[in-house]
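# Tertiary structure, described
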Amino acid sequence: MAYNPFGKRKEFFSPDEQERIVNAIRLAEQQTSGEIRVYTESRCRFVDPLDRAAEVFWGLKMDLTKDRNGVLVYIAMKDRQFAILADQGIHEKVGQTFWNEEVSVMKKHFSNALPADAIEAVIADVGQALRTHFPYDRSTDKNELPDDLVFGK
């Protein structure tokens, strides 16, 4: 359920929360050719979490989806920083306003100390946007990226 390519696994979520997040990803992806990944670590090594999200995005090869429709939800738990990074295909369809609204959703849930709820809400919204612009096609769709959570240090 959780994958850590960078060493010792850090538990930020209970097993139930992890399962809820992975299920949210799977549910969202059942209706779209788009791909959603969640990456969580303790601290953001960069001043801007969007810069770190970009590093993770390319490190996970999320830019290699056929329709350029991958979306990364990045969270640095101890620093209470997060970012949402979308590939060119989906970003061009929904625009910057959509992503700003999703960051506001995350801020609201994080301010209530509910990070798993924040991630689930954003995954649902992103899934809807992906479904609208990149609908699922049984004959051509394949799961291009794993659905598991990725934990950094």
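Look up a bit, the structure's there.
What you see is a predicted model, and the numbers here were worked out from it, not measured in a lab.

As a further point, take the layout of surface pockets. There is about 300 Å³ of room inside the largest pocket. Around the largest pocket sit 18 residues that line it, and Leu50, Ile84, Leu85, Ala86 and Gln96 are the ones nearest its centre. Elements that contribute at least two residues to the lining of the largest pocket include exactly α2 (49-59), β4 (81-86) and α3 (88-111). The greatest single-element share of the lining of the largest pocket, amounting to six residues, is contributed by α3. Tallied by class, residues from the lining of the largest pocket come to eleven nonpolar, four polar and three charged. Estimates place the volume of the second largest pocket at around 160 Å³. If you go around the second largest pocket, the residues you meet are Ser33, Lys66, Asp67, Pro135, Tyr136, Asp137, Thr140, Asp141, Lys142 and Glu144.

Glancing now at unusual backbone geometry. In this structure, Lys61 is a non-glycine residue whose phi angle is positive, near 60 degrees. Counting through the fold element by element, Lys61 comes out in the loop between α2 and β3 (70-76).

What follows covers the nonpolar core. The biggest cluster of nonpolar side chains holds 32 residues, and the ones touching the most others in it are Ile21, Val38, Ile75, Met106 and Ile123. Residue assignment for this core shows that the elements contributing at least two residues are α1 (15-29), β2 (35-41), β3, β4, α3, α4 (115-133) and β5 (149-151). Ranked by residues supplied to this core, first place goes to α4 with eight residues. With sequence-adjacent residues up to four places away left out, Ile75 is seen in contact with Val38, Tyr39, Thr40, Glu41, Gln81, Phe82, Met106, Phe110 and Ile119. Listed in part, the 15 residues of the second largest apolar core include Ala54, Leu72, Leu85 and Leu145.

Calculation criteria
- Residues numbered from 1 in each chain as written.
- Predicted model: local features only at pLDDT ≥ 70, side-chain atom pairs only at ≥ 80, totals over all residues.
- Heavy atoms only, no water.
- 1 Å grid on protein atoms, 1.4 Å probe; cavity = no way out; pocket = protein on both sides within 12 Å on 5 of 7 lines; lining within 4 Å.
- Points joined across faces, edges and corners; volume = space filled by probe spheres on them.
- Helix = DSSP H or I, 4+ residues; strand = E, 2+ residues; numbered from the N terminus.
- Nonpolar A, V, L, I, M, F, W, Y, C, P; charged D, E, K, R; others polar.
- Core = buried A, V, L, I, M, F, W, Y, C linked by side-chain atoms within 4.5 Å.
- Buried < 20%, exposed > 50% of the residue type's maximum accessible area, 1.4 Å probe, protein only.
- Contact = heavy atoms within 4.5 Å.

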